[in-house]
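Analysis of the macromolecular model
Residue strings, one per chain:
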Amino acid sequence: MRTRTTDPRRAARIAAVGAVTLVAGFMPGTGAATDTRTAEADVAYTCDLPSGAQPVAVHIEAELPVTTSIGTAIRLRDVALSFELPRSALSASPGAEPVAVSGSARMLTEVSQRGESTDVPWQGLEIPESPLPATGDLSLRATGEVPTITPRSSGDVLFALGQLDVGLAPRAAEGAGDASPPLAFSCKADPDQSAELATVTVPPESGTTPPSGAAPEPSGGATPDRSGGAKAGRAADLPSGGVQPPADCTVMTGPLPQVPKAAHGYMAGYSNVNKLAGAIKFNDPGHLRLNLNTSVSFLKCPTGVKSWLTTDGTLDYKGRAQMPPAEATFLTFGFMPTTAKVELILEGRIDIGTLGDSAPDPETKKYKETTTAIAPMRARLYDVEVNGEPLDVGPNCRSASPMTLELVGKGASGAGGPEGYTVKTGGPLTGYADVPPFTGCGVTEDLDNLFTASVSGKGNYTKMMQSPLCVEGVPANCPEPPKPEPER
C-alpha cells in the first residue's frame with residue numbers, strides 16, 4: 001500500500017511543539033499492534049552537498065499497523081530509506097577516488113495526534129558499505145530500528161517525514177592513497193508536497209467519549225501545564241541504578257522502558273595505585289555482558305533537551321562476575337619489591353547512562369554524548385611475594401567494602417560515523433576510584449594494616465579500553481568482538 005496525499009496544508013499543520021508534547025501524548029505501553037501493512041512514500045529533498053545544493057529523491061518504506069488501541073505500542077518494522085547520491089558529491093572532495101562508501105543516516109520524523117505533534121528522531125540508521133559504480137550515481141539504502149510510539153488517547157496518529165542527515169565514510173582502493181575525508185550533509189524536504197508516510201487509526205475505547213483536542217495524560221515524569229510548559233521532576237529521582245544524569249537537568253518524561261538487546265564485548269586497561277607509584281595492568285580483557293538500552297528518558301538541561309539512555313550488565317570470567325586476574329609488581333614503601341595477583345570482583349551490576357544531545361553540532365553535524373559507567377568492585381589479593389619470598393595472606397585478603405569505580409567516556413555519533421567513546425563502538429573510558437581498607441589478610445599474623453597502609457587510598461586513576469560490541473541481531477563484530485589493547 002502506498003500512502004500519499006496531495007494536500008500541502010495538512011503537512012503544514014504538523015508544527016513541532018517540542019519534547020513536552022511527547023510527554024503528553026506518547027508513552028510506552030504493553031502489547032503490540034497487529035494487522036500490519038507496508039507504507040511507502042516518495043519525498044523530494046534538496047541536499048546541501050559539497051558540490052552545491054542538489055535534488056535527491058528519497059523513498060521511505062516501513063511496516064506498521066493499520067489500527068491500534070489506546071496504550072498499545074505502534075512499532076515500525078523493516079524501516080528503510082533509499083536514495084541515489086550524485087557522483088559529483090564524492091568527486092568534489094579531496095583525496096583518492098573512493099571505491100566504496102559506508103555510513104549512517106538520521107531522519108527527523110513528526111508524529112502528531114489530535115492537533116499536537118512532536119519530533120521523533122530515527123537515529124543510527126546504518127548504511128552498509130556500497131561499491132561505487134563505474135558510472136552513474138551511487139545507490140544507498142539505510143536501515144535500522146526506530147522508536148515505538150504509544151498513543152494515550154484515541155484519534156489518528158500521523159507519521160510525517162522531516163530533515164534527513166547523512167554521514168558517509170569513503171574508502172579508497174588499497175594502495176591508492178588516502179581516501180576522501182568523511183562527508184556529512186543535510187537534506188530538507190521540498191515545500192508544497194506531502195511528506196506523510198502513514199496514518200494509524202486509534203479508535204475510542206468502548207463506552208468512552210473521545211477527548212476534544214486535549215493532549216493525553218502522561219503516565220509519569222512530567223505533567224503538562226496549560227501554557228505548554230512542564231512541571232518536571234528531578235533527574236536525580238530517576239530509578240536508573242547507581243548512575244544518574246547531571247543534577248542540573250530536570251526530567252521531562254521517563255524513564256520509558258525499552259526492549260533491551262543482549263550485547264557483549266571486552267575491556268582492558270590500567271588502574272593506578274597511588275601509594276605504590278605504579279599501575280595494575282589488566283592485560284587479559286574482561287568480558288562484558290550487557291543489556292543494551294533498557295530505558296530512555298528526556299531531560300531539560302541548561303544546554304538544551306537531552307536524552308538519557310540506560311544500559312546495565314555484568315562481567316563474565318569463567319562464569320564469575322569479575323575481571324580476569326592481573327599480576328602486579330610494585331616497590332612497597334619505595335624499596336621492597338612486592339608481587340601479587342589482583343582480582344576485581346563485581347558486587348552487584350554495572351550501571352551505564354548515556355546523556356545525548358537532541359540536536360547536532362552545527363559544525364561537525366554530530367550528536368555529542370557522554371557515557372558514565374558505575375560498578376561496585378571489591379579487590380582481592382593473593383599469591384603475594386615480598387623480595388621473592390611468599391607471603392601467606394590467605395584466601396580472603398580483600399577490601400573491607402566494595403569500591404565504586406566510575407568511568408566516563410565522551411564521543412559523538414552521526415555524520416561520518418562515531419568518534420571517541422560510544423557504548424556500541426567502544427573506546428576509552430577514564431575515571432577514579434577510592435580503594436578502601438583491607439581485611440582478612442594473613443594466616444599466621446594480621447596483615448590488614450600492612451596492605452591498608454601500602455595500597456588503600458583515594459583518587460586512583462583508571463583507564464579502560466572497551467571493544468566494539470557484538471549486538472544481538474546485528475552482524476557487525478559478531479560472534480566474537482575484537483579484544484582491545486590496554487592504553488595508558
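Only a predicted model underlies this, so the values are computations on that prediction, with no experimental measurement involved.

Reading guide: rules and limits
Numbers given for residues are sequential positions, taken from 1 along each chain in its written order. Since the coordinates come from a predicted model, pLDDT governs what is reported: local features require at least 70, and pairs of side-chain atoms require 80 or more to be given and counted, while whole-chain, interface and lining totals use all residues. Just so you know, side-chain values use all the structure's heavy atoms and leave hydrogens and water out. The numbering of helices and of strands both runs from the N terminus, where a helix is a DSSP run of H or I of at least 4 residues and a strand a run of E of at least 2. Note on classification: 1.4 Å probe, protein chains only; a residue is buried when its accessible area is under 20% of the maximum for its type, exposed when over 50%, partly exposed between these limits. Note on definitions: a residue-residue contact is assigned when non-hydrogen atoms from the two residues lie within 4.5 Å. Reported accessibility uses the Shrake-Rupley method at a 1.4 Å probe radius. Residues are deemed covered only where the shown protein chains occlude them. The rule for a salt bridge is simple: a side-chain nitrogen of Lys or Arg has to be within 4 Å of a carboxyl oxygen of Asp or Glu. For this text, the term disulfide refers to a pair of cysteine sulfurs within 2.5 Å. For two strands to pair, DSSP has to find at least two bridges joining them. Here, the term nonpolar core denotes a set of buried Ala, Val, Leu, Ile, Met, Phe, Trp, Tyr and Cys residues that are joined through side-chain atoms within 4.5 Å. How sure the predictor is of each residue is captured by pLDDT, a score from 0 to 100. Aromatic rings from Phe, Tyr and Trp, taking only the six-membered ring of Trp, are treated as a pair when their centres fall within 6.5 Å; an angle between ring planes under 30 degrees marks them as stacked, one over 60 as edge-to-face, and anything in between as tilted. Under this definition, polar contacts are N or O atom pairs within 3.5 Å; protein pairs additionally need one hydrogen-donor-capable and one acceptor-capable atom, and for neighbouring residues in sequence, both atoms have to be side-chain atoms.

Tallying secondary structure elements over the protein chain gives 4 helices and 28 strands in all. The buried share of the protein chain, reckoned over its 488 residues, is 47%. Considering only residue pairs separated by 6 or more positions, the protein chain has 71% of its internal contacts joining residues 24 or more positions apart. Surface summary for the protein chain: the accessible area is close to 22,400 Å², and the carbon and sulfur share equals 52%.

Here we come to unusual backbone geometry. Keep in mind that most residues, glycine aside, have a negative phi and that most peptide bonds are trans. Backbone torsion omega between Cys478 and Pro479 reads 5°, so that peptide bond is classified as cis. You will see that Asp78, though not glycine, has its phi angle at about 50°, which is positive. Examined against the element boundaries, Asp78 turns out to sit in strand β3 (residues 77–85). For Asp78, a relative accessible area of 61% translates into the label exposed.

All right, on to the pattern of salt bridges then. Should their charged atoms come close, side chains of opposite charge can pair. What the rule picks out here adds up to 13 salt bridges. Between Glu347 and Arg378 there is a salt bridge, with its nearest N and O atoms 2.5 Å apart. Of this pair, Glu347 sits in the loop between β18 (336–346) and β19 (350–357) while Arg378 sits in strand β20 (residues 366–386), and the two are 31 residues apart along the sequence. The class for Glu347 is partly exposed, based on a relative accessible area of 32%.

Here the focus is the state of the cysteines. Each disulfide consists of a covalent bond between the sulfur atoms of two cysteine residues. Counting across every chain of the model gives 4 disulfides. With a sulfur-sulfur separation of 2.0 Å, Cys47 is cross-linked through a disulfide to Cys187. When the S-S torsion is 105°, as for the bridge of Cys47 with Cys187, the disulfide is right-handed. With Cys47 in strand β1 (residues 36–49) and Cys187 in strand β8 (residues 183–189), the pair connects residues that are 140 residues apart, well separated along the chain. For Cys47, a relative accessible area of 2% gives the class buried. A relative accessible area of 0% places Cys187 in the buried class. Bonded cysteines in the protein chain are paired 1-2, 3-4, 5-6, 7-8 when counted in the order they occur along the chain.

Here we come to the pairing of strand β4 (residues 98–113). Of all 16 residues making up β4, 12 are buried, and the element is well covered by its neighbours. Sheet topology places β4 next to strand β7 (residues 157–172); 14 bridges connect them, and they run antiparallel. Paired with Ala105 across the bridge in β7 is Val166. Summarising the sheet, β4 and strand β5 (residues 116–131) pair through 12 bridges and their orientation is antiparallel. Each residue of the ladder has a partner; that of Ser112, found in β5, is Ser117. Connecting the antiparallel pair β4 and β5 is a turn made up of 2 residues, with Arg114 showing a positive phi of about 55°.

The subject of this paragraph is the nonpolar core. Ranked by size, the top nonpolar core spans 46 residues in total, and within it Leu76, Trp122, Phe159 and Leu197 carry the most contacts. In this structure, Leu288, Leu344, Leu381 and Tyr421 belong to the second largest nonpolar core, which totals 45 residues.

Here we come to the confidence of the model for the protein chain. Of all residues in the protein chain, 82% attain a pLDDT of 70 or more, and the chain-wide mean is 79. This stretch, residues 1–33, has a pLDDT under 50; its non-local contacts, to residues over four places away or in other chains, come to 99 contacts. A low-confidence stretch, residues 210–232 (pLDDT under 50), is modelled with 49 contacts involving residues beyond four sequence positions or located in other chains.

Right, let's get into the pairing of strand β2 (residues 52–65). Across 14 bridges, β1 lies against β2 in antiparallel orientation. Among the inter-strand pairings, Cys47 is bridged to a residue of β2, identified as Gln54. Hairpin geometry of β1 and β2 is characterised by an intervening segment of 2 residues between the two adjacent antiparallel strands. Pairing of β2 with β3, which is carried by 5 bridges, proceeds in the antiparallel orientation. Paired with Ile60 across the two strands is Leu81, which belongs to β3.

Once that is clear, we can look at the packing of aromatic side chains. A full pass over the atoms with the stated rule returns 2 aromatic pairs. Taking 6.4 Å as the distance between ring centres and 45° as the angle between the ring planes, the aromatic pair formed by Phe438 and Phe451 counts as tilted. Of this pair, Phe438 sits in strand β26 (residues 438–439) while Phe451 sits in helix α4 (residues 448–454), and the two are 13 residues apart along the sequence. Across the pair, Phe451 and Phe438 agree in class, each one buried.

Tracing the chain through its elements places Ser297 in strand β15 (residues 278–301). Note: C-alpha distance between Ser297 and Thr310 (13 residues apart in sequence) is 8.7 Å.

Glancing now at the environment of Pro203. Within the secondary structure, Pro203 sits in the loop between β9 (196–200) and β10 (223–224). Sequence-distant contacts of Pro203, that is, excluding residues within four places in its chain, are made with Thr68, Ile70 and Ser154.

All right, on to the environment of His264 then. By secondary structure assignment, the location of His264 is in strand β14 (residues 261–273). Sequence separation of His264 and Leu288 is 24 residues, and the distance between their C-alpha atoms is 5.3 Å. Apart from residues lying up to four places away in sequence, His264 is in contact with His287, Leu288, Arg289, Pro468, Leu469, Cys470, Pro479, Glu480 and Pro481. Engagement of the side chain of His264 in a polar contact is seen with the side chain of His287, the distance being 3.0 Å.

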